[in-house]
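# Notes for the structure review
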Amino acid sequence: MVQSKRLVAAELFSKLGLAWLFLRLRSRRRKEVRILTYHRVVDLSRAYDLANVSATPEEFDRQLAYLKKNYDLIRFSDLIEIANGTMSCPRRPLILTFDDGYMDNYEFAFPILKSHGLSAAFFVSTSHIGSNQLFWFEELGFIMRKTKKQSWTLLDGSSIEIPETDRGPTLKRLLKLMKDLPNEARVREIEHLRVESEAFDPEKIDAINFPMNWEHLVEMHNNGMDILSHSHTHPILSTLETYEQVEGEISTPKKLIEENIKANCPVIAYPVGRWDSYDERVLKAVQDAGYELACVYENGVNEVPFDRKFELKRTGIDNFHQLDMFASIVACPEVFTYCTPRPAGNV
């Protein structure tokens, strides 16, 4: 209810012309960098986990036109120079990012970005690249949509009731349950549900839901896009048991990207990215691996100079953000989006 009121207020704020006025006044008073996070640009009818659809191609095109007119679009190479003090900060800097590495990033988002002459950073989970296998959260969406069973039994003996229609809330609860599990337990549970659902059929998967391959990523890089790290297998890093596992998830994608793309990979975005999805071990491994910046998935802006360059905030874009709403959320995410409070003493 609170979030819906925020969205209504965001739409009204923009319609009254206040978003642009607020942005102009704010950019005169302080220097700050906005980073937006997209996951998928695709029609909702083709996706399985609808929460990962950030915009349709038509919406994305309109959003880019708006951003190009009102912001200074920069890249992470620029941000590194800003962080190091070797480049002055533009008045309204903004970076576009995508997480995971879905095929629709290549099929839809990439051509639209090129048509506007813009660049974006694509954070990819390297074990999935070229695998023709669904991300685990997308697989749960697929079997939830396709199952004909009325309930599933989990490994601990508890059950999940599957409604006939409107299965979105049930999928949301299941995804939260999976994210709260230790990594190895989550893997076992998903393997179990693949069988329990009686619905997993690779032949029926729309290929737009698969990850990209290295050829796609090389082409995108050669056309001005940045290919960066989103871990190797997309675990929740804080749930990994050993430092060696954490280190492997963080160093492996950097090496693979640099070998395949033939370009430096100086930035990582933590999978899930909320405050409890990474810890001190992760921050250490990121710096040991040679990354220069790292991103979380928490709504907000980043004031220059940065006090947490390995925890840069990014504002998530959702498919229900109409353009007026979008304008207000980008201008002032800490007002018009939900920002998860951090417990005292958290990294």
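Preceding this section is the structure that the text describes.
Calculation criteria
- Residues numbered from 1 in each chain as written.
- Predicted model: local features only at pLDDT ≥ 70, side-chain atom pairs only at ≥ 80, totals over all residues.
- Heavy atoms only, no water.
- Helix = DSSP H or I, 4+ residues; strand = E, 2+ residues; numbered from the N terminus.
- Buried < 20%, exposed > 50% of the residue type's maximum accessible area, 1.4 Å probe, protein only.
- Contact = heavy atoms within 4.5 Å.
- Areas by Shrake-Rupley, 256 points an atom, 1.4 Å probe, with all protein chains shown as cover.
- Lys, Arg positive; Asp, Glu negative; His and termini not counted.
- Charge placed at Lys NZ, Arg CZ, Asp CG, Glu CD.
- Salt bridge = Lys/Arg side-chain N within 4 Å of Asp/Glu carboxyl O.
- Patch = residues over 30% accessible without salt bridge, like charges linked within 9 Å, V, L, I, M, F, W, Y side chains within 5 Å.
- Axes fitted to C-alpha atoms, helices over the stretch in contact; angles between N-to-C directions.
- Left-handed = near helix turned anticlockwise from the far one by under 90°.
- Nonpolar A, V, L, I, M, F, W, Y, C, P; charged D, E, K, R; others polar.
- Phe/Tyr/Trp six-rings, centres within 6.5 Å; stacked < 30°, edge-to-face > 60°.
- Pairing = 2+ DSSP bridges.

### A few points about the overall build of the protein
Regarding its fold elements, the protein presents 13 helices and 13 strands. Taken along the three principal axes of its C-alpha coordinates, the protein extends 55 × 45 × 45 Å. Residues counted as buried form 52% of the 347 residues belonging to the protein. Long-range pairs, those at least 24 residues apart, make up 73% of the contacts in the protein between residues at least 6 apart in sequence. Element-wise, carbon and sulfur atoms account for 51% of the exposed surface of the protein, whose accessible area totals about 15,600 Å². Seen as two clouds, the 43 positive and the 50 negative side-chain charges of the protein have centres 7 Å apart.

### Description of the pattern of salt bridges
Within this structure, the stated rule accounts for 15 salt bridges. A salt bridge links Arg 40 to Asp 104; its shortest N-O distance comes to 2.7 Å. Placement of the pair is Arg 40 in strand E2 (residues 40-41) and Asp 104 in helix H5 (residues 103-115), with a sequence separation of 64 residues. As a salt-bridge pair, Asp 180 and Arg 274 come within 3.2 Å of each other at their nearest N and O atoms. Placement of the pair is Asp 180 in the loop between helix H7 (168-179) and helix H8 (183-196) and Arg 274 in the loop between strand E10 (267-269) and helix H11 (280-288), with a sequence separation of 94 residues.

### So, a positive patch on the surface
On the surface, Arg 145, Lys 146, Lys 148 and Lys 204 cluster together into a patch of positive charge. Position of Arg 145 relative to the elements: it lies in helix H6 (residues 136-146).

### Quick word on the packing of H6 against H7
Axes are the key here: two packed helices are described by the angle between their axes and the distance separating the axes. Where H6 contacts H7, the axes come no closer than 10 Å and their chain directions differ by 145°. Classified by chirality, the crossing of H7 by H6 is right-handed. For the pair H6 and H7, the contacting residues are Trp 136, Phe 137, Leu 140, Gly 141 and Met 144 in the first and Thr 170, Leu 171, Leu 174, Leu 175, Met 178 and Lys 179 in the second. Here the contact of H6 with H7 is composed, by residue class, of eight nonpolar, two polar and one charged.

### As for the packing of aromatic side chains
This structure, assessed with the given rule, holds 13 aromatic pairs. Taking the centre distance of 5.1 Å and the plane angle of 80° together, the rings of Tyr 38 and Phe 60 count as edge-to-face. Of this pair, Tyr 38 sits in strand E1 (residues 32-38) while Phe 60 sits in helix H3 (residues 57-70), placing them 22 residues apart in sequence. Using a relative accessible area of 0% as the deciding quantity, one classes Phe 60 as buried. Measuring from ring centre to ring centre gives 5.8 Å for Phe 76 and Phe 123, while their planes differ by 70°; the resulting arrangement is edge-to-face. Here Phe 76, found in helix H4 (residues 76-84), pairs with Phe 123, found in strand E6 (residues 121-124); they are 47 residues apart in sequence, far enough to count as distant.

### Points about the side chain of Glu 139
Summarising the element assignment, Glu 139 is placed in helix H6. Given the relative accessible area of 6%, Glu 139 is considered buried. Once residues within four sequence positions are removed from consideration, Glu 139 is found in contact with Leu 134, Ile 190, Arg 194 and Phe 200.

### Let's talk about the pairing of E1
Counting buried positions over the seven residues of E1 gives seven, a clear majority of the element. Side chains Glu 32, Arg 34, Leu 36 and Tyr 38 of E1 all project onto a buried face; the interleaved residues Val 33, Ile 35 and Thr 37 project onto the opposite face, where all are buried too. Looking at chain direction, E1 and strand E12 (residues 302-303) are connected through two bridges and run antiparallel. Within E12, the residue paired with Val 33 across the bridge is Asn 302. With five bridges connecting them, E1 and strand E5 (residues 93-100) associate as parallel partners. Bridging from a neighbouring strand, Arg 34 pairs with Leu 94 of E5.

By themselves, these are just geometric observations and shouldn't be taken as functional.
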